[in-house]
Amino acid sequence: DQQVKQNSPSLSVQEGRISILNCDYTNSMFDYFLWYKKYPAEGPTFLISISSIKDKNEDGRFTVFLNKSAKHLSLHIVPSQPGDSAVYFCAASPSNAGNMLTFGGGTRLMVKP
Amino acid sequence: DTAVSQTPKYLVTQMGNDKSIKCEQNLGHDTMYWYKQDSKKFLKIMFSYNNKELIINETVPNRFSPKSPDKAHLNLHINSLELGDSAVYFCASSQWTWRLGPDEQYFGPGTRLTVT
């Protein structure tokens, strides 16, 4: 039973437009949410995170929104660039086991020039 | 100057064999992890060591045995390999902090294990 789900396996966006990647979770104990980015033949790299006391966190072109009542978060990339083409993983953890990350299955983003 | 390195990058072996995957980090971190990425692409944590002590041990067959000779190394030994062990195995490291929430984890490039 997957506690973190990314229902879109892939997303294609034109360069310069907005990319929106979605993630849903089922475990109410999750307090922290992270996005990781992964290029082929490399390990995931941390992108941005948000705690459950916030509903938005922004870092440059990347913004993560959290809707606790819907158990949903999304990553917005504006404007999208070809170098953003990668697999994006959503991850979550409870505050009492902070380093115990539960990952979603990933969404492959393709940004077309 | 790779931060988290794993060897080998690819490993093809037959069922029943015993194999090891090595991981080293030069970030000075005190916590290391092993993850398995299965065919459905989910990354699942297997083990975590903090200062050479096991702190996370998920439901993993006894055939998998991690070993941390020092803070910079965490090796994974797998006995009696099975077809279902085929996956990509990622090592990661982080620096333990006492703040709430997860510490940032740095991942290695992965080891693709194929059991035939």
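What you are looking at is a predicted structure, and each value in this text was computed from that prediction instead of being measured.

**Things to note about the interface of chain B and chain A**
Moving on, step 1. Facing 23 residues of chain B, the contacting portion of chain A comprises 21 residues.
Moving on, step 2. It is B:Phe42, B:Leu43 and B:Pro102 in chain B that bury the most area against chain A; as a group they hold 31% of the surface buried on that side.
Moving on, step 3. In this assembly, chain B and chain A are joined by 0 salt bridges.
Moving on, step 4. At the junction of chain B with chain A, the criterion picks out 4 residue pairs in polar contact (both at pLDDT 80 or more).
Moving on, step 5. Elements with a minimum of two residues in the side of chain B that touches chain A: β4 (31-37) and β5 (43-50) of chain B.
Moving on, step 6. Broken down by class, the residue content of the side of chain B that touches chain A amounts to 12 nonpolar, 4 polar and 7 charged.

**Some points on the pattern of salt bridges**
Residues and elements named next belong to chain A.
Moving on, step 1. Tallying each qualifying case throughout the model produces 6 salt bridges over all chains.
Moving on, step 2. Between glutamate 58 and lysine 56 there is a salt bridge, with its nearest N and O atoms 3.9 Å apart.
Moving on, step 3. Since its relative accessible area comes to 42%, lysine 56 is described here as partly exposed.
Moving on, step 4. Among the salt bridges present, the one from arginine 61 reaches aspartate 84, with a minimum N-O distance of 2.8 Å. Of this pair, arginine 61 sits in the loop between β6 (56-59) and β7 (62-67) while aspartate 84 sits in the loop between β8 (72-77) and β9 (86-94), and the two are 23 residues apart along the sequence.

Rules and cut-offs
Residues numbered from 1 in each chain as written. Chains lettered and ligands numbered in written order. Predicted model: local features only at pLDDT ≥ 70, side-chain atom pairs only at ≥ 80, totals over all residues. Heavy atoms only, no water. Contact = heavy atoms within 4.5 Å. Buried area = accessible area lost by both parts, 1.4 Å probe. Salt bridge = Lys/Arg side-chain N within 4 Å of Asp/Glu carboxyl O. Polar contact = N/O pair within 3.5 Å; in protein donor to acceptor, adjacent residues only side chain to side chain. Helix = DSSP H or I, 4+ residues; strand = E, 2+ residues; numbered from the N terminus. Nonpolar A, V, L, I, M, F, W, Y, C, P; charged D, E, K, R; others polar. Buried < 20%, exposed > 50% of the residue type's maximum accessible area, 1.4 Å probe, protein only.

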